[in-house]
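Each chain is listed here by its residues.
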Amino acid sequence: MSHWCVANRSNGVDRIPTPKQPADPVTVQSLLKQASSVCNSSHVRLSAVRKLRVLARDSENNRFVISTQNACEILLNLLFSEPSGNSSELTHESVAVLSSLAISESECVLLASNPARISDLISLLSHSSIDFRVNSAILLENVFAGTRSQELRSEITSHGDLFTGIVGILDHPLPHPRALKVGIKALFAFCMVKQHRHKAVEAGAAAAIINRLPDFEKCDAERALATVELLCRIPSGCVAFASHDVIVPLLVKIMMNISDRATEYAAGALLSLCSAVERLQVEAVAAGVFTKLLFLVQSDCTERAKRKAQMLLKLLRNAWPENSFMNSGGGDAGIF
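Owing to the predicted nature of the structure, the values given are computational and were not obtained by experimental measurement. (Residues numbered from 1 in each chain as written. Predicted model: local features only at pLDDT ≥ 70, side-chain atom pairs only at ≥ 80, totals over all residues. Heavy atoms only, no water.)

Trainee: Can you explain the side chain of Glu229? Please cite residues and give values.
Mentor: Within the secondary structure, Glu229 is located in helix α15 (residues 218-231). Glu229 sits in the buried class, given a relative accessible area of 5%. Not counting residues within four places of it along the chain, the set of residues in contact with Glu229 comprises Glu264, Tyr265, Gly268, Ala269 and Lys308. (Helix = DSSP H or I, 4+ residues; strand = E, 2+ residues; numbered from the N terminus. Buried < 20%, exposed > 50% of the residue type's maximum accessible area, 1.4 Å probe, protein only. Contact = heavy atoms within 4.5 Å.)

In structure tokens form, the structure reads like this:
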């Protein structure tokens, strides 16, 4: 069929792409052996890892086959056998392959239990290559997500450079959709550890999120707003977000405009901000939050969202203008 397509190309017939061969376990084993053997030249080892990367990129099935050949353990050993801080192509390619594979819980725990290795991974977030930094962030977030121990999770997020590196990915000046997606996913995950959220604030997370909110796709916007709500639950987070004049009008605008989840997170963030900083109550009212909240409590949104909206309405009651509907008594029924 492909030969016929080529022969009739002049008649507007497109060639049917040749199906790519699925990864063969024997081939994968051979490539992993070549990559891990210190007896091989750096060129041979690099070539083997690059072939693994191509296979992993081709399909989910290929990634499964690679994972079943003990690839993660072999590639992690290869990665950490390189000198600390090394930015060789072999390191780049190893991280790229690892970032595409599912790492087992035991491997995650083993890695998370080694502070030196975690520090080495975090140091990769400061590399000049944005793609390398993004792959490193994926690997770190995968290890974090695969570790159930709260103690080990806390140990990972105790590194201040971790948040600096993740925020730096979000702050990348050139358009890079993958960096935005990976950056906010990792930042949200790491901010789940409450005792180290202040490190995210210190790294400039508030400004980074506010600046990037218009650029996020729906799912990523939800994560961004969930992160805002998490950071606003600590005093330094409230102060950081409150220092940006656009934050309250932005959160009010987002409500009822993106998704139910986004609305819930925006309402939660507004509740924390307006509770902590009194002047923001007037700003919220001026931005039109009253109408949004009334719609919210009467909508089909989640109970959590309605509860946050009701609490926010109560909090803002004294901020309504004296001649407003709320202070005339007409807004009390069914809300308070």
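Trainee: Can you break down the nonpolar core residue by residue, with the values?
Mentor: Formed by 110 residues in total, the largest nonpolar core has its most connected members in Ile166, Leu187, Ile209, Phe241 and Val289. A total of nine residues in this core trace back to one element, the largest contributor, which is helix α9 (residues 130-145). (Core = buried A, V, L, I, M, F, W, Y, C linked by side-chain atoms within 4.5 Å.)

Trainee: Talk me through helix α10 (residues 150-157); I want residue IDs and the actual numbers.
Mentor: For α10, the complete set of buried residues consists of Leu152, Arg153, Ser154, Ile156 and Thr157. In this structure, the buried residues of α10 make contact with α7 (105-112), α8 (115-123), α9, α11 (160-170), α12 (177-190) and α13 (197-202).

Trainee: Please set out the pattern of salt bridges residue by residue, giving values where relevant.
Mentor: Per the stated rule, a full pass over the model turns up 15 salt bridges. When the shortest N-O distance is used, the salt bridge between Glu89 and Arg50 registers 2.4 Å. One end of the pair, Glu89, is in helix α6 (residues 89-100); the other, Arg50, is in helix α3 (residues 42-58), with 39 residues separating them in the sequence. Residue Glu89 is classed as partly exposed on the basis of its relative accessible area of 48%. Two residues, Asp220 and Lys181, come together in a salt bridge whose shortest N-O distance is 3.0 Å. A residue pair is termed long-range when its members are at least 10 positions apart, and Asp220 in helix α15 and Lys181 in helix α12 qualify at 39 residues. Overlapping salt bridges, with partners in common, bring together Glu229, Arg233, Glu264, Arg304 and Lys308 in one network. (Salt bridge = Lys/Arg side-chain N within 4 Å of Asp/Glu carboxyl O.)

Trainee: Residue-level account of unusual backbone geometry, with values.
Mentor: At Asn70, a position not held by glycine, the phi torsion is positive, near 65°. Counting through the fold element by element, Asn70 comes out in the loop between α4 (60-67) and α5 (71-81). With a relative accessible area of 36%, Asn70 lands in the partly exposed category. At Met256, a residue that is not glycine, the phi angle is positive and equals roughly 70°. You can see Met256 is positioned in the loop between α17 (247-254) and α18 (260-276). On the basis of relative accessible area, Met256 is assigned to the partly exposed category, the value being 37%.

Trainee: Explain the packing of α11 against α12 to me, and be specific about the residues and the numbers.
Mentor: One way to put it is that α11 packs onto α12 with a least axis distance of 8 Å and a crossing angle of 150°. When the axes of α11 and α12 are compared, the pair comes out roughly antiparallel. Here α11 runs over α12; the crossing is left-handed. Contacts from Leu162, Phe163, Ile166, Ile169 and Leu170 in α11 reach Ala179, Leu180, Gly183, Ile184, Ala186, Leu187 and Phe190 in α12. Class assignment of the residues belonging to the contact of α11 with α12 gives a composition of 11 nonpolar, one polar and no charged. (Axes fitted to C-alpha atoms, helices over the stretch in contact; angles between N-to-C directions. Parallel < 35°, antiparallel > 145°, perpendicular 65-115°, else oblique. Left-handed = near helix turned anticlockwise from the far one by under 90°. Nonpolar A, V, L, I, M, F, W, Y, C, P; charged D, E, K, R; others polar.)

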